[in-house]
Amino acid sequence: MNNFFEQQDQAKRNTILLMGLFTLALLIITWVMYRGFGVVWNFIGIPTYADPENFTWIPPFRWRGFLITLLIVGGIILWATFDKLRELRGGGKVIAEQLGGELLTYDYRDPKVRQLLNVVEEMAIASGIAVPPVYILYQETGINAFAAGFTPQDAVIGVTRGCLEAFDRDQMQGVIGHEFSHILNGDMGLNLRLMGALHGLMFIYITGRTFWGTHHNSFSLSRRQSLFESEILGLLLIISGGLGVILGRLLQSAVSRQREFLADASAVQFTRNPQGLAEALNIIRTHPGHARIRTPRAEAASHLFFGAAFQGFFASGWFATHPPLKERIRRLGGQAQGQDRPQRSKAAMAGVMGLQGGPAQPEKVITTIGQISPQALSSTTALLAGLPPQLRTAAREPEGAIALLYGLFLPESPENPQWGHLQNTETPERLAQIQALQPDLAQLNPLTRLPLVDLIVPALRNLTPEQCRQLFNQIKALSQAGGTVTLSNYALYLVLLYRLRPYFGKPRNPSQQYSQLVQIWQPCLTVLSALARVSSPKTGAYALSNGLMRLPGASKLNPPKEPMAASLSAVSQSLKTLEQASPQLKRQVIDACAHTVLADGNVSRLEAELLRAVVIALDCPMPPFLEAATRLPDGD
């Protein structure tokens, strides 16, 4: 199975393929409309050329007329496509709300809802992304689920009421693992672009139906004669637009079907439990409503769902967006019935993800990105189960999440300038809440700080932009109150900023992309130098050299022999540039970072935090290092 970076490249190739097929469909529709208009014009008595003796129903092809038609038809379809994409730019929540989804909160006492939210939390933290919002389609009794969004940062998970009621924990984990595969493999952005393309191709048909329906029921003879030409034109739009519907459905099927097999395989890789996913598929197969979604909006979004969302002519054969359920079950090993589920051992539950026992191996860092290992999932489950109830409750509502976040930035000593700053700027209620959380925070494994940030992000997304601005200003003040910003707090700030940027910050420009090392050489040196100084203060030159050796062509760019001096603001600016690198170039940069940090064969808690923060800032989901605290020295 391809790694994360290969999947990102594949997603980009699929996007190019989508654009190519969309252009081909546009040309076919234009040709049909050009020919159709010629016939219609002849039929209603408008000559298409001056020689009546050579009259034919189908006029000769002329490039000028075709290009004019292409300009008009293409302009209309492209306008409809981009208008739909503009509507969808709000991310996955737009889709969820259009489908009738209701945002789930932790106020729900239904054990099925809490089970679903727990499974989503575990998958998100184990994969290295922030916990996505979860929506439920209460009006839908069919068993289905979906993931939607342009990036993991604006992704949402949606399930139907039928899905919530039908599945036990292992079955739900298999389905949610399938949806997380779509998030991690870059399928979601392609799916939303496909929705825009479908809307554009179908717009001519929708316009024709509207045009025809407006006049078709008028039976006055004089009116029928005056509107005859309009009805003929509407019929032509329906016929031409119908071709767009067919081509759009074929396009939807071509892009979607094979990705479903990949997502099933990834879900099994994540959970090591094909039985759970196979049982879920079998339940859908035998359920009276199957995976059907009744809302009319589901047809355009059918390729987003876990199972086939609607039935009919455009849901079978070449037009099917999903493989047959029996085939999906067969590929999982035919385990719909008759096999015992694997039992998780205590050793697995106590396992660690990321850098495991023995000498640290930088090669493992790349292989963990964008992946969920069974050990990672088990460790995350144990982590969340072991969190003190007071911390878990605080993490799930905005006021508690803010207090929890401030507590993470406070040093352990009771007398510190950070606490004095809070006393001067925060309300007594918030100060009391922070103090109440401090004993539990003091007992936490330090390596759970970054996972805890991912846990509180959903609550912080409910803040207003002004509240979020105040939050970051306060965090900056807390970090600087002690005189210098610790690298541990910098890592925390970096991850939080990246997680919340899509909601409150300026969107990044994904069109600007660097594909050559020379284009990002200086930012690369800045980040690697900073990591070398942290990793090996006395042997920084060796650590830097160890990282630079992993960059193809670095020797030709006159690499420095000693780490450069770099401020944290320079590191932040460099990470913004490196984020725009192509997937394969980004892979090389992250590999160089790992070899820099792990040059001495050991990793401290600070090194692990900082390395993971850098990788996350480069827009790559990296699972947390959940080793026991005794294995990793602080390194501060």
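Quick summary incoming for the structure in this document. (Residues numbered from 1 in each chain as written. Predicted model: local features only at pLDDT ≥ 70, side-chain atom pairs only at ≥ 80, totals over all residues. Heavy atoms only, no water.)

1. A word on the overall build of the chain
Next up, step 1: In terms of helices and strands, the chain carries 26 helices and four strands.
Next up, step 2: Taking all 636 residues of the chain together, 54% fall into the buried category.
Next up, step 3: Pairs at least 24 residues apart make up 79% of the contacts formed inside the chain by residues separated by at least 6 positions.
Next up, step 4: With an accessible surface of roughly 27,900 Å², the chain has 57% of that area assigned to carbon and sulfur atoms. (Helix = DSSP H or I, 4+ residues; strand = E, 2+ residues; numbered from the N terminus. Buried < 20%, exposed > 50% of the residue type's maximum accessible area, 1.4 Å probe, protein only. Contact = heavy atoms within 4.5 Å. Areas by Shrake-Rupley, 256 points an atom, 1.4 Å probe, with all protein chains shown as cover.)

2. Observations concerning a nonpolar patch on the surface
Next up, step 1: A contiguous nonpolar surface patch, about 310 Å² in accessible area, is contributed by Leu-17, Leu-21, Leu-24 and Ile-28.
Next up, step 2: Relative to the helices and strands, Ile-28 is located in helix H1 (residues 4-43). (Patch = residues over 30% accessible without salt bridge, like charges linked within 9 Å, V, L, I, M, F, W, Y side chains within 5 Å. Salt bridge = Lys/Arg side-chain N within 4 Å of Asp/Glu carboxyl O.)

3. Here's the deal with unusual backbone geometry
Where the residue is not glycine, phi is negative for most of them; where a peptide bond is considered, it is trans in most cases.
Next up, step 1: Not every positive phi belongs to a glycine, and His-290 is a case in point at roughly 50°.
Next up, step 2: One non-glycine residue with positive phi stands out, namely Asn-558, at about 55°.
Next up, step 3: Mapped onto the fold, Asn-558 is located in the loop between helix H23 (540-548) and helix H24 (568-578).

4. Let's talk about the pattern of salt bridges
Next up, step 1: One pass over the structure, following the stated rule, counts 19 salt bridges.
Next up, step 2: Residue Arg-86 is joined to Asp-83 by a salt bridge in which the shortest nitrogen-to-oxygen separation is 3.0 Å. Of the two residues, Arg-86 and Asp-83 both sit in helix H2 (residues 63-88), three residues apart, roughly one turn of that helix.
Next up, step 3: Residue class for Arg-86 comes out partly exposed when judged on its relative accessible area of 46%.
Next up, step 4: Residue Asp-83 is classed as partly exposed on the basis of its relative accessible area of 25%.
Next up, step 5: A salt bridge links Glu-327 to Arg-330; the shortest N-O distance between them is 2.7 Å. Pair noted here: Glu-327 and Arg-330 are both in helix H11 (residues 325-331), with a separation of three residues, about one helical turn.
Next up, step 6: Through salt bridges that share partners, Glu-121, Arg-392 and Arg-396 make up one connected network.

5. Quick word on the pairing of strand E2 (residues 134-137)
Next up, step 1: Burial of the side chains of E2 extends over both faces: Val-134 and Ile-136 are buried on one face and Tyr-135 and Leu-137 on the other.
Next up, step 2: Relative to E2, strand E1 (residues 102-103) is paired through two bridges, and the arrangement is antiparallel. Across the sheet, the residue bridging to Glu-102 is Ile-136, located in E2.
Next up, step 3: By the bridge criterion, four bridges tie E2 to strand E4 (residues 156-160) in an arrangement that is parallel. (Pairing = 2+ DSSP bridges.)

6. Observations regarding the nonpolar core
Next up, step 1: Formed by 140 residues in total, the largest nonpolar core has its most connected members in Ile-176 and Leu-460.
Next up, step 2: Not counting chain neighbours up to four residues away, the residues in contact with Ile-176 comprise Leu-116, Val-119, Val-120, Met-123, Ile-157 and Val-159.
Next up, step 3: Counting 20 residues, the second-largest nonpolar core is a separate cluster that includes Ile-77, Ala-197, Ile-204 and Leu-236. (Core = buried A, V, L, I, M, F, W, Y, C linked by side-chain atoms within 4.5 Å.)

7. Comments concerning the environment of Tyr-498
Next up, step 1: Summarising the element assignment, Tyr-498 is placed in helix H21 (residues 487-504).
Next up, step 2: Assessed through its relative accessible area of 7%, Tyr-498 is described here as buried.
Next up, step 3: Placed 368 residues apart in sequence, Tyr-498 and Ala-130 show a C-alpha to C-alpha distance of 9.9 Å.
Next up, step 4: Ignoring sequence-local partners within four residues, the contact set of Tyr-498 consists of Gln-153, Glu-579, Ile-616, Ala-617 and Asp-619.

8. Description of the packing of aromatic side chains
Next up, step 1: Here the structure, examined in full by the defined rule, presents five aromatic pairs.
Next up, step 2: Ring centres of Trp-79 and Phe-203 lie 5.7 Å apart, and the angle between their planes is 70°; this geometry places the pair in the edge-to-face category. With Trp-79 in helix H2 and Phe-203 in helix H7 (residues 187-215), this residue pair connects regions lying 124 residues apart in the sequence.
Next up, step 3: The exposure class of Trp-79 is exposed, given its relative accessible area of 52%.
Next up, step 4: Aromatic pair Phe-146 and Phe-305: ring centres 5.4 Å apart, planes at 65°, arrangement edge-to-face. Separated by 159 residues along the polypeptide, Phe-146 in strand E3 (residues 145-148) and Phe-305 in the loop between helix H10 (274-286) and H11 bring together distant segments of the chain.
Next up, step 5: Judged by relative accessible area, which is 1%, Phe-305 ranks as buried.
Next up, step 6: Pairwise contacts between aromatic rings join Tyr-34, Trp-63 and Phe-66 into one cluster.
Next up, step 7: Lying across the ring of Phe-306, Arg-328 places its NZ or CZ 4.8 Å from the centre.
Next up, step 8: Lying across the ring of Phe-261, Arg-331 places its NZ or CZ 3.6 Å from the centre. (Phe/Tyr/Trp six-rings, centres within 6.5 Å; stacked < 30°, edge-to-face > 60°. Lys NZ or Arg CZ within 6 Å of the ring centre and 35° of its normal.)

9. Structural notes on the sheet that holds E3
Next up, step 1: Here we have four strands laid out as an open sheet, ordered E1-E2-E4-E3, and mixed in their pairing. The sheet terminates laterally at E1 and E3, the two strands that pair on one side only.

10. What about helix H16 (residues 398-408)?
Side chains of residues three or four places apart in an α-helix project in the same direction, reflecting 3.6 residues per turn.
Next up, step 1: Within H16, nine of the 11 residues are buried, which leaves it mostly tucked inside the rest of the structure.
Next up, step 2: Residues of H16 that are buried sit in contact with helix H15 (389-394), helix H17 (417-425), helix H18 (428-442), helix H19 (449-460), helix H20 (465-481) and H21.
Next up, step 3: Its side-chain oxygen placed 3.1 Å from the backbone nitrogen of Glu-399, Glu-397 serves as the N-cap of H16. (Polar contact = N/O pair within 3.5 Å; in protein donor to acceptor, adjacent residues only side chain to side chain.)

11. Observations regarding the packing of helix H6 (residues 169-184) against H10
Next up, step 1: It is the contact of H6 with H10, at a shortest axis distance of 7 Å, that shows an interaxial angle of 90°. Taken together, the axis directions place H6 and H10 in an arrangement best described as roughly perpendicular. Across from Asp-170, Gln-171, Gly-174 and Val-175 in H6, the residues of H10 making contact are Gly-276, Leu-277, Glu-279, Ala-280 and Ile-283.
Next up, step 2: Along the lines of polarity and charge, the residues of the contact of H6 with H10 split into four nonpolar, three polar and two charged. (Axes fitted to C-alpha atoms, helices over the stretch in contact; angles between N-to-C directions. Parallel < 35°, antiparallel > 145°, perpendicular 65-115°, else oblique. Nonpolar A, V, L, I, M, F, W, Y, C, P; charged D, E, K, R; others polar.)

12. As for the environment of Ala-442
Next up, step 1: Counting through the fold element by element, Ala-442 comes out in helix H18.
Next up, step 2: Given the relative accessible area of 48%, Ala-442 is considered partly exposed.
Next up, step 3: Sequence separation between Ala-442 and Pro-411 is 31 residues; the distance between their C-alpha atoms is 9.4 Å.

Purely spatial values, then, with no claim about function.
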